[in-house]
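A structural walkthrough
Next come the chains, spelled out residue by residue.
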Amino acid sequence: MGSQSFSALRGFKDLLPGEAEKWDWIESVARETFSAFGFTPIRTPVLETSELFTRSIGATSDIVEKETYSFEDWDGRKVSLRPEGTASVVRAWLEHGLGNGVLRKFYYLGPMFRHERPQAGRLRQFHQIGAEILGEAAPRHDVELLSLLCDFTGRLGIDGLTLEINTLGCPQCRPPYRAALQGYLAEQQADLCEDCLRRSAVNPLRVLDCKKEGCRKAVAGAPCPVDHTCGACGDHFKAVCGGLGDLGLSYHLNSRLVRGLDYYTRTAFEMTSMALGAQSAVAAGGRYDGLVEVLGGPPTPAVGFALGMERLALLMSPDVVPKPAPLLFIIPLGAAAGRVLFPTLFQLRQKNIRCEMGDDAAKLSAQLKRADRLGAAHALIVGDTEMVQNAAILRNMTTKAQQTLSLSTLAEAILPHLTGG
Ligand code: HAM
């Protein structure tokens, strides 16, 4: 019989009161900021055909090879819980004809799923806030996105962040670079881990990103993408760096920075924090000028990023989250007072006054105790005497000062007293 107890799956986390308010606030600041930068919201499903991710993120990426939650649905179709948001946004943009030659700027918030080894700041269900600009190749838009990223993390009061940027080249300059890198890696085989031996054949850029000590040493002298860019990619990168400088945004050139998703071209970046330990990237993204075509659309340049909400929450000081509005605790003493005060409770809530009401059968002392436990700023007390006098007592829970208000006009009369009056 029902003796089994359940707990959340490993890597899946409940967000309880105390923490969840922080998340609500991050989301509200995100909506405000992203909308100020001209981005409109988009929401896509969490489940997509697996093929969407194999084609976009890359069949040999870690995410697709070993991290997606994929299964056959009841129709025998191979589906995956989305491991990221970019592929879905591009799919939706194509499917609904949102392009039509115009620049579109989207933002999204929501859960993503990757079967990674859980640790601090790394979950299996995690949450991203992402932004994508589709239809513009100009470096100004890379800078626009990066300025949004810096402004948003600033609004959350997070400091100690480093913006690292690199260029990964394009279909013209990537193949010769890839060949040069493969030539270099062929001489380092003895020092590479098993994964990187395989990667050096199928996806050599990823070797630059391996965290294992042996591989890090082995790639120390490897050629970098930035030294092999074609003229156009070089100009683009210079313009991005110049644009960041014009806005006074500091950045660090990291010629070893590569991304775990295969769709990137040209600009790639990460925003990192030393305070996060091994999972140092709080946000990451870049240009993906080839992805729309890979997914069956017309050649369309694009650039985007995603922030990890768990990592933002870890970095944020709890003090920056605004405190909830002061609570008014309504104390009816007896059923008759309860009947009169219940409509008052409703009216005050309609006026956005945060209030709660006690149990009319409970004693004054018990209700005051509950008001204290809830952190109420004021209590409103109505007993038999007040009912007869058509009055209510407003008590300041800190100073214990009390004043009498008229019961019949309570919902209006009380307002100035709650807002510091
Ligand atoms: P990503 O680097 O895979 O890029 O993820 C972006 C951010 O999501 C990371 O920097 C990190 O903060 C967070 N993140 C990733 N995996 C986890 C995890 N297992 N647990 C907690 N947080 C995690 C993308 O997803 C691209 N779609 C970004 C992009 C948008 N590029 C262009 N547009």
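Small disclaimer: the values here were computed from a predicted structure and weren't measured.

1. Remarks on the site of the ligand
As a matter of local geometry, the ligand sits amid 25 residues, with Glu84, Glu116, Glu132, Arg259 and Tyr264 nearest to it. Contact between the ligand and Leu123: a nitrogen atom at 2.8 Å from a main-chain N or O atom of the residue. The contact in question runs from an oxygen atom of the ligand to an N or O atom on the side chain of Gln128, over 3.0 Å. Out of a free accessible area of 660 Å², the ligand has 96% covered by protein chains. Broken down by secondary-structure element, the contributors of at least two residues to the shell around the ligand are β6 (125-134), β10 (281-287) and β11 (302-308). Here the element with the most residues in the shell around the ligand is β10; it accounts for five residues.

2. Re the packing of aromatic side chains
Taken as a whole and assessed by the stated rule, the structure comprises eight aromatic pairs. Here the aromatic rings of Phe34 and Phe152 are separated by 5.4 Å at their centres, their planes lie at 80°, and the arrangement is edge-to-face. Of this pair, Phe34 sits in helix α1 (residues 20-36) while Phe152 sits in helix α5 (residues 139-155), placing them 118 residues apart in sequence. Phe152 shares its class with Phe34; the two are buried. Taken together, Phe34, Phe39, Tyr107, Phe152 and Phe305 form an aromatic cluster joined through their ring pairs.

3. Thoughts on the domain arrangement of the protein chain
Segmenting the protein chain into domains produces domain 1 (20-173 + 229-319) and domain 2 (328-418). On a C-alpha basis, the centroid separation for the pair domain 1 and domain 2 is 49 Å.

4. Considering α5
Between its first and last C-alpha atoms α5 spans 24 Å; for 17 residues at 1.5 Å apiece the expected length is 24 Å, and the two agree. Residues of α5 that are buried include every one of His141, Asp142, Val143, Glu144, Leu145, Leu146, Ser147, Leu148, Leu149, Phe152 and Thr153, and no others. Among the residues trailing α5, Gly157 stands out with phi positive, at a value near 75°.

5. Re α1
Given 3.6 residues per turn, any residue in an α-helix points the same way as the ones three and four places further on. Its 17 residues place the ends of α1 24 Å apart at the C-alpha level, agreeing with the 24 Å of an ideal helix rising 1.5 Å per residue. Residues Lys22, Trp23, Trp25, Ile26, Val29, Ala30, Thr33 and Phe34 constitute the buried set of α1. Angularly, the buried residues of α1 cover 160° about the axis, an arc narrow enough to put them on a single face. Across from the buried face of α1, at angles greater than 90 degrees, the exposed residues are Asp24 and Glu32. In this fold, the buried residues of α1 make contact with β5 (104-113), β6, α5, β11 and α11 (309-315).

6. A look at unusual backbone geometry
Even without a glycine there, the phi angle at Asn352 is positive, about 70°. With respect to the helices and strands, the residue Asn352 is situated in the loop between α12 (335-350) and β13 (355-357).

7. Comments concerning the sheet that holds strand β14 (residues 378-382)
As summarised here, the arrangement of the five strands in space is β13-β12-β14-β15-β16, forming an open sheet in which the pairing is mixed. Pairing within the sheet leaves two strands with one partner each, and these edge strands are β13 and β16 (402-406). Sheet twist, expressed as the average angle between the axes of neighbouring strands with direction ignored, equals 25°. Those strands touched by helix α13 (residues 364-373) are β12 (328-332), β13, β14 and β15 (391-396), and its axis lies near 165° from that of β12.

8. Regarding the sheet that holds strand β3 (residues 70-72)
Taking strand neighbours across the sheet as the criterion, the three strands line up as β2-β4-β3 in an open arrangement whose pairing is antiparallel. Either end of the sheet is taken by a strand with one partner, and the two such strands are β2 (47-49) and β3. Neighbour to neighbour, the strand axes of the sheet diverge by 35° on average, direction disregarded. As paired strands, β3 and strand β4 (residues 78-81) are joined by three bridges and run antiparallel to one another. Bridge pairing links Ser70 to Ser80 in β4.

9. Section: the environment of Ala220
Mapped onto the secondary structure, Ala220 falls in the loop between α8 (213-218) and α9 (231-246). You can call Ala220 exposed: its relative accessible area is 53%. C-alpha separation for the pair Ala220 and Gln347, spaced 127 residues apart in sequence, amounts to 68 Å. Leaving out residues up to four positions away in the same chain, Ala220 has contacts with Tyr184 and Arg256.

10. Re the side chain of His378
Looking at the secondary structure, you find His378 in strand β14. Once you skip the residues sitting within four places of it in the chain, His378 turns out to touch Leu327, Leu328, Phe329, Leu394, Arg395, Asn396, Met397, His417 and Leu418.

11. Observations concerning the packing of α5 against α9
Any two packed helices are characterised by how steeply their axes cross, that is the angle between the axes, and by the distance between the axes. Interaxial distance between α5 and α9 falls to 8 Å at its minimum, and their mutual angle equals 40°. By the angle between their directions, the pair α5 and α9 is classed as oblique. Considering the relative orientation of α5 and α9, their crossing is right-handed. Across from Pro139, Asp142, Val143 and Leu146 in α5, the residues of α9 making contact are His236, Ala239, Val240, Gly243 and Leu244. Of the residues belonging to the contact of α5 with α9, the class tally is six nonpolar, two polar and one charged.

About the criteria used
Residues numbered from 1 in each chain as written. Predicted model: local features only at pLDDT ≥ 70, side-chain atom pairs only at ≥ 80, totals over all residues. Heavy atoms only, no water. Near = heavy atom within 4 Å. Polar contact = N/O pair within 3.5 Å; in protein donor to acceptor, adjacent residues only side chain to side chain. Areas by Shrake-Rupley, 256 points an atom, 1.4 Å probe, with all protein chains shown as cover. Helix = DSSP H or I, 4+ residues; strand = E, 2+ residues; numbered from the N terminus. Phe/Tyr/Trp six-rings, centres within 6.5 Å; stacked < 30°, edge-to-face > 60°. Buried < 20%, exposed > 50% of the residue type's maximum accessible area, 1.4 Å probe, protein only. Domains from an automatic or database assignment. Expected span 1.5 Å × (residues − 1). Arc of directions from axis to C-beta. Contact = heavy atoms within 4.5 Å. Pairing = 2+ DSSP bridges. Axes fitted to C-alpha atoms, helices over the stretch in contact; angles between N-to-C directions. Parallel < 35°, antiparallel > 145°, perpendicular 65-115°, else oblique. Left-handed = near helix turned anticlockwise from the far one by under 90°. Nonpolar A, V, L, I, M, F, W, Y, C, P; charged D, E, K, R; others polar.

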